[in-house]
Amino acid sequence: YMEHPFLHDLDKLSLEEVGKKLSELYKKLAIAQRSGNGYLCGQIQMAIESYRNQHQVKLNELYRPQPGQNTPDFDSKIDIS
């Protein structure tokens, strides 16, 4: 698959926003597949690829160790309250 050419500024979204959008796109893909619309499936798959790539970038940023640390600083990244 290739990334969707009309999706821009995905880097401005939060990890949660990217995850929610991926969930929506997978639901839309299922509907498009059931309807047999191949063109729409292709467009949605390209959008999914773009969001999946951005999701991976966000995860890498989250778990990358801070300068001078051997392990990531999870306390400052994850709020479970």
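Note that the structure is a prediction, hence the values are computed from the model and not measured.

Enquirer: Describe helix α1 (residues 15-35), listing the residues and the values that go with them.
Expert: Its 21 residues give α1 an end-to-end C-alpha distance of 30 Å, which sits within 8% of 30 Å, the value for a rise of 1.5 Å per residue. Considered for burial, the residues of α1 that qualify are Val18, Leu22, Leu25, Leu29 and Ala32. Looking straight down α1, one finds that the buried residues subtend no more than 90° of arc, so they occupy a single side. Residues of α1 that are exposed and point over 90 degrees away from its buried face: Glu16, Lys20, Lys27, Arg34 and Ser35. Here the buried face of α1 lies against α2 (38-63). Directly beyond the C-terminal end of α1, a positive phi value near 80° is found at Gly36.

Enquirer: Outline the environment of Phe6, listing residues and values.
Expert: Here Phe6 lies in the segment before α1. The exposed category is assigned to Phe6, whose relative accessible area is 67%. Sequence spacing of Phe6 and Ala47 is 41 residues, and the spatial spacing of their C-alpha atoms is 8.8 Å.

Enquirer: So what's going on with the side chain of Gln54? Residues and values would help.
Expert: Counting through the fold element by element, Gln54 comes out in helix α2. Accessibility expressed as a relative area gives 13% for Gln54, which makes it buried. If we ignore the near neighbours within four places in the chain, the residues touching Gln54 are Leu10, Asp11 and Val18.

Enquirer: Can you tell me about the nonpolar core, naming the residues and giving the values?
Expert: Within the largest apolar cluster, 11 residues are counted, these being Leu10, Val18, Leu22, Leu25, Leu29, Ala32, Cys41, Ile44, Ala47, Ile48 and Tyr51. Of all the secondary structure elements, the ones that give two or more residues to this core are α1 and α2. Contacts of Leu10, omitting those with residues within four sequence positions, involve Ser50, Tyr51, Gln54 and Lys58.

The rules we used
- Residues numbered from 1 in each chain as written.
- Predicted model: local features only at pLDDT ≥ 70, side-chain atom pairs only at ≥ 80, totals over all residues.
- Heavy atoms only, no water.
- Helix = DSSP H or I, 4+ residues; strand = E, 2+ residues; numbered from the N terminus.
- Expected span 1.5 Å × (residues − 1).
- Buried < 20%, exposed > 50% of the residue type's maximum accessible area, 1.4 Å probe, protein only.
- Arc of directions from axis to C-beta.
- Contact = heavy atoms within 4.5 Å.
- Core = buried A, V, L, I, M, F, W, Y, C linked by side-chain atoms within 4.5 Å.

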